[in-house]
Amino acid sequence: MLGNDPASALLVAALDGERLSSAEQSFFEKEKPAGVTLFRRNISSSFLETQSLCADIRRILDSSSCPPVIAIDQEGGRVSRIPAPFPNIGPAKEIGTASNSDSDLQLLKNYGFTVASSLLGMGINVNFAPVCDVITNEVNHAIGDRAFSDQARIAADRAEAFLHGMQGAGVKGCLKHFPGQGDAGDDTHQSGTVISHPMEILEARELLPFRQLIPSCPMVMISHAVFTGIDQKPASLSTKVMVDLLQEQMGFSGVVVTDDMNMKAIPQDDQSWADAICDAVSEGADMVLVCQGLERCQLALDAMRKKAASSPAFSTRLEQAALKMMSLRKTLK
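Calculation notes
- Residues numbered from 1 in each chain as written.
- Predicted model: local features only at pLDDT ≥ 70, side-chain atom pairs only at ≥ 80, totals over all residues.
- Heavy atoms only, no water.
- Helix = DSSP H or I, 4+ residues; strand = E, 2+ residues; numbered from the N terminus.
- Buried < 20%, exposed > 50% of the residue type's maximum accessible area, 1.4 Å probe, protein only.
- Contact = heavy atoms within 4.5 Å.
- Areas by Shrake-Rupley, 256 points an atom, 1.4 Å probe, with all protein chains shown as cover.
- Expected span 1.5 Å × (residues − 1).
- Arc of directions from axis to C-beta.
- Phe/Tyr/Trp six-rings, centres within 6.5 Å; stacked < 30°, edge-to-face > 60°.
- Lys NZ or Arg CZ within 6 Å of the ring centre and 35° of its normal.
- Core = buried A, V, L, I, M, F, W, Y, C linked by side-chain atoms within 4.5 Å.
- Pairing = 2+ DSSP bridges.
- Axes fitted to C-alpha atoms, helices over the stretch in contact; angles between N-to-C directions.
- Disulfide = S-S within 2.5 Å.

Asks: Describe the overall build of the protein, naming the residues involved and giving the relevant values.
Replies: In terms of helices and strands, the protein carries 10 helices and 12 strands. The principal-axis extent of the C-alpha atoms belonging to the protein is close to 50 × 45 × 30 Å. Scored against the burial criterion, the 333 residues of the protein give a buried share of 59%. Sequence-distant contacts in the protein: of pairs separated by 6 or more residues, those separated by 24 or more amount to 76%. If you sum the accessible surface of the protein, you get close to 12,400 Å²; carbon and sulfur atoms cover 50% of it.

Printed below as a string of structure tokens:
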């Protein structure tokens, strides 16, 4: 088993700065989380320094020939954690002619390949991309031009081209934000949001890109939005979304990833937040993202361990998720 126990194998943490602090190093050595997500605050003006940071993370967290997850959101456009001169040809919706023409798809494959090659050179092995949302709400600025299209088939083909180029160069992708956040009215970073379409519309539009790309991608990130056509809970806390729909109906067998659990669509007081961590795992999540705060990372681990000690069913679910994480990590560069 990876780490000290199954709980640590699910946690992907984050750092405060461009180098590991002594507190972060001690936490990683003690708890052995599955990895980290890097943000702009972690990227030095010298890419060699970032490469050194990734090497330090690997040295501490590599376990039984399983590299740690070293992830980033490097979509292009405004969601680009690494600044120029890192490859960035603009937001997904504006690359090429915004179509699924042969020339656009080749451009996107090449772009994905170039982004991934550059990420690997720095030591980053997972990119939380491509966005598979179909942008249909003009006030949805949280997604906006991050989506590849407002047409489901075009969005699917363009996202698939980027994914194939990226994974062809050796970086694993992650489809987001399942089951499709393009019609959200509010930003889940700031508040909860509800998408009230019936299942027929979700099937015809939101789910189409995910259905097309699921066979090619090892990770799917779950939205924090509520999809009332499926469940009354946030998708990231819903068995109906993560298990019944994604895994059983759509046949996904890879790693189910929460969006950042520090986003305000999730209750943020300590007790409610700890309960949400356990609920996410109970309902089907395999990788838990905590994108700021060592104290939050520790709270998540403590909550999962306490729940596992009192619930055999939760303990079994933790073990299942940890095994899926181990299988993923064995495939990482």
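Next comes the rest of the account.
Asks: Describe helix α3 (residues 47-61), naming the residues involved and giving the relevant values.
Replies: Over its 15 residues, α3 runs 21 Å from end to end, which matches the ideal 21 Å to within 8%, given 1.5 Å per residue. Where α3 is concerned, the buried positions are T50, L53, C54, D56, I57, I60 and L61. Down the axis of α3, the sector holding all buried residues measures 155°, keeping them to one side. Exposed positions of α3 whose direction lies more than 90 degrees from the buried face are L48 and R59. Here the buried face of α3 lies against α2 (22-31), β2 (35-38), β3 (69-72), α4 (102-122) and α10 (312-329).

Asks: How would you explain the packing of aromatic side chains if you had to name every residue and give the values?
Replies: Scanning the entire structure with this criterion turns up 5 aromatic pairs. Here Y111 and F162 contribute two aromatic rings whose centre-to-centre distance is 5.7 Å and whose plane-to-plane angle is 55°, an arrangement assigned as tilted. On the criterion of sequence distance, the pair formed by Y111 in helix α4 and F162 in helix α5 (residues 152-168) is long-range, its members being 51 residues apart. Aromatic pair F178 and F210: ring centres 5.1 Å apart, planes at 90°, arrangement edge-to-face. Placement of the pair is F178 in strand β7 (residues 175-178) and F210 in helix α6 (residues 199-213), with a sequence separation of 32 residues. Owing to a relative accessible area of 0%, F178 belongs among the buried residues under this scheme. Feature note: the residues Y111, F148 and F162 constitute an aromatic cluster, connected by ring pairs. In this arrangement the basic side chain of R296 is found over the ring face of W273, its NZ or CZ atom lying 4.3 Å from the centre.

Asks: Account for helix α9 (residues 294-310), with residues named and values stated.
Replies: If you check α9, its first and last C-alpha atoms are 25 Å apart, about what 17 residues at 1.5 Å a residue would give, namely 24 Å. Within α9, burial applies to R296, C297, A300, L301, A303, M304 and A308. Across the axial projection of α9, the buried residues extend over an arc of 160°, all falling on one side. Along α9, exposed side chains directed more than 90 degrees from the buried face belong to E295, K306, A309 and S310. Where α9 is buried, its residues contact α1 (6-10), β1 (11-14), α2, α8 (270-282) and α10.

Asks: Could you give an account of the nonpolar core, with specific residues and numbers?
Replies: Considering soluble globular proteins, one finds that nonpolar side chains tend to be buried as a cluster. Ranked by size, the top nonpolar core spans 87 residues in total, and within it F28, L38, I124, L175, F178, I222 and M304 carry the most contacts. Residues contacting F178, with those up to four places away along its chain left out, are L207, F210, V220, M221, I222, S223, A235, V241, L245, L246 and M250. Grouped together as the second largest cluster of nonpolar side chains are 19 residues, A34, M221, M287 and M325 included.

Asks: Describe the sheet that holds β2, with residues and values.
Replies: One open sheet accounts for 5 strands, arranged β6-β3-β2-β1-β12; its pairing is parallel. In the strand order of this sheet, the two ends are held by β6 (126-127) and β12 (288-289), each with one partner. Strand direction decides the pairing type here: β1 and β2, joined by 3 bridges, are parallel. Pairing of V12 across the sheet is with G35, part of β2.

Asks: Residue-level account of the sheet that holds strand β11 (residues 255-258), with values.
Replies: Hydrogen bonds along the backbone pair up the strands of a sheet, which may run parallel or antiparallel. The strand order β7-β9-β11 describes an open sheet built from 3 strands, whose pairing is parallel. Two strands in the sheet have a free side with no partner beyond their single neighbour: β7 and β11. In this sheet, adjacent strand axes meet at a mean angle of 30° when their direction is disregarded. Inspection of the sheet shows strand β9 (residues 219-222) paired to β11 by 4 bridges, in the parallel sense.

Asks: Tell me what's going on with the state of the cysteines, and back it up with residues and numbers.
Replies: This structure, assessed with the given rule, holds 0 disulfides. Note on C54: no disulfide assigned, nearest cysteine sulfur contributed by C291 at a separation of 15 Å. Under the relative-accessibility criterion, C54 is labelled buried at 0%. Just so you know, C278 is unpaired, no disulfide at all, and the nearest cysteine sulfur is the one on C297, 14 Å from it.

Asks: I'd like to hear about the environment of C278, residue by residue, with values.
Replies: Of note, C278 is situated in helix α8. Overall, the relative accessible area of 6% leaves C278 in the buried class. As a C-alpha pair, C278 and A308 span 30 residues in sequence and 9.3 Å in three-dimensional space. In contact with C278, other than residues within four places in its own chain, are A303, M304, K307 and F314.

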